[in-house]
Amino acid sequence: NQWELECKNQIDDNNILIAIHSTSIFQPTIMFGKCPKMILLFKLYRDALSEDEYRRIDYFIKKFVSIYQNANVLIPKSFDEFEKMLNGI
C-alpha cells in the first residue's frame, strides 16, 4: 500500500505511530494535518547511531515540532519511560 494513502484514509489523531526514527511517521501531520501520537525511540537506540546521525535526527524533530506545534511527539529517554507511555495511552 502507498503510505500516503494509508495516512489519508486510515490514520487519525487516535492512532499511535512508533519508530526509532522514520520520516514517514511525520507524513500524516505534514500532508493531512492529522496529529497521531508519534513515539520516537531514537534515544533508546543511541548506541546504534553515529553521533552525526543522532544530532541530525534530534535537530529534525526539534524543527518539526517548532513548525507543527500541535504535533504529538513523544521521545522516551528509557525503556521504563517508554513502557509508562504505552501504559498511559
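### Overview of the overall build of the chain
Now for step 1: Helix and strand counts for the chain come out as four helices and three strands.
Now for step 2: In terms of overall dimensions, the chain is globule-like: its C-alpha atoms have a radius of gyration of 13 Å, near the 12 Å expected for 89 residues.
Now for step 3: Dimensions of the chain, computed from the C-alpha atoms along their principal axes, are close to 35 × 30 × 25 Å.
Now for step 4: Counting the 89 residues in the chain, one finds 31% classified as buried.
Now for step 5: Of all intrachain contacts in the chain linking residues separated by at least 6 positions in sequence, the fraction that spans at least 24 positions is 48%.
Now for step 6: The centroid of the 11 positive side-chain charges in the chain is displaced by 6 Å from the centroid of its 12 negative side-chain charges.

### Looking at the pairing of strand S2 (residues 37-40)
Moving residue by residue along a regular strand, the side chains alternate between the two faces of the sheet.
Now for step 1: Where strand S1 (residues 16-19) and S2 come together, four bridges link them in parallel fashion. From the neighbouring strand, Leu 17 faces S2, where its bridge partner is Met 38.
Now for step 2: Note on the crossover from S1 through helix H2 (residues 27-32) to S2: the handedness is right-handed.
Now for step 3: When S2 meets strand S3 (residues 72-74), the two strands line up parallel, connected through three bridges. Note that in S3 the partner of Ile 39 across the bridge is Leu 74.

### Some words on the sheet that holds S3
Now for step 1: Read across the sheet, three strands follow the order S1-S2-S3 without closing on themselves; strand pairing throughout is parallel. Either end of the sheet is taken by a strand with one partner, and the two such strands are S1 and S3. For this sheet, the mean inter-axis angle between neighbouring strands, taken without regard to orientation, is 20°.
Now for step 2: The strands touched by helix H4 (residues 79-88) are S1, S2 and S3; relative to S2, the strand with the most contacts, the crossing angle is about 165°.

### Quick notes on the packing of aromatic side chains
Now for step 1: If you walk through the whole model with that rule in mind, you get five aromatic pairs.
Now for step 2: Here the aromatic rings of Phe 42 and Tyr 54 are separated by 5.3 Å at their centres, their planes lie at 50°, and the arrangement is tilted. Of this pair, Phe 42 sits in the loop between S2 and helix H3 (51-67) while Tyr 54 sits in helix H3, placing them 12 residues apart in sequence. As far as the burial class goes, Phe 42 and Tyr 54 line up, both buried.
Now for step 3: Aromatic ring contacts, followed pair by pair, group Phe 26, Phe 60, Phe 64 and Tyr 68 into a single cluster.
Now for step 4: Above the ring of Phe 32, the side-chain terminus of Lys 34 is found at 6.0 Å from the ring centroid.
Now for step 5: Here Arg 46 stacks its cationic end above the ring of Tyr 54, 3.7 Å away from the centre of that ring.

Rules behind the numbers
- Residues numbered from 1 in each chain as written.
- Predicted model: local features only at pLDDT ≥ 70, side-chain atom pairs only at ≥ 80, totals over all residues.
- Heavy atoms only, no water.
- Helix = DSSP H or I, 4+ residues; strand = E, 2+ residues; numbered from the N terminus.
- Rg over C-alpha atoms; globule rule 2.2 N^0.38 Å.
- Buried < 20%, exposed > 50% of the residue type's maximum accessible area, 1.4 Å probe, protein only.
- Contact = heavy atoms within 4.5 Å.
- Lys, Arg positive; Asp, Glu negative; His and termini not counted.
- Charge placed at Lys NZ, Arg CZ, Asp CG, Glu CD.
- Pairing = 2+ DSSP bridges.
- Right-handed = clockwise from strand over helix to strand, strands pointing away.
- Axes fitted to C-alpha atoms, helices over the stretch in contact; angles between N-to-C directions.
- Phe/Tyr/Trp six-rings, centres within 6.5 Å; stacked < 30°, edge-to-face > 60°.
- Lys NZ or Arg CZ within 6 Å of the ring centre and 35° of its normal.

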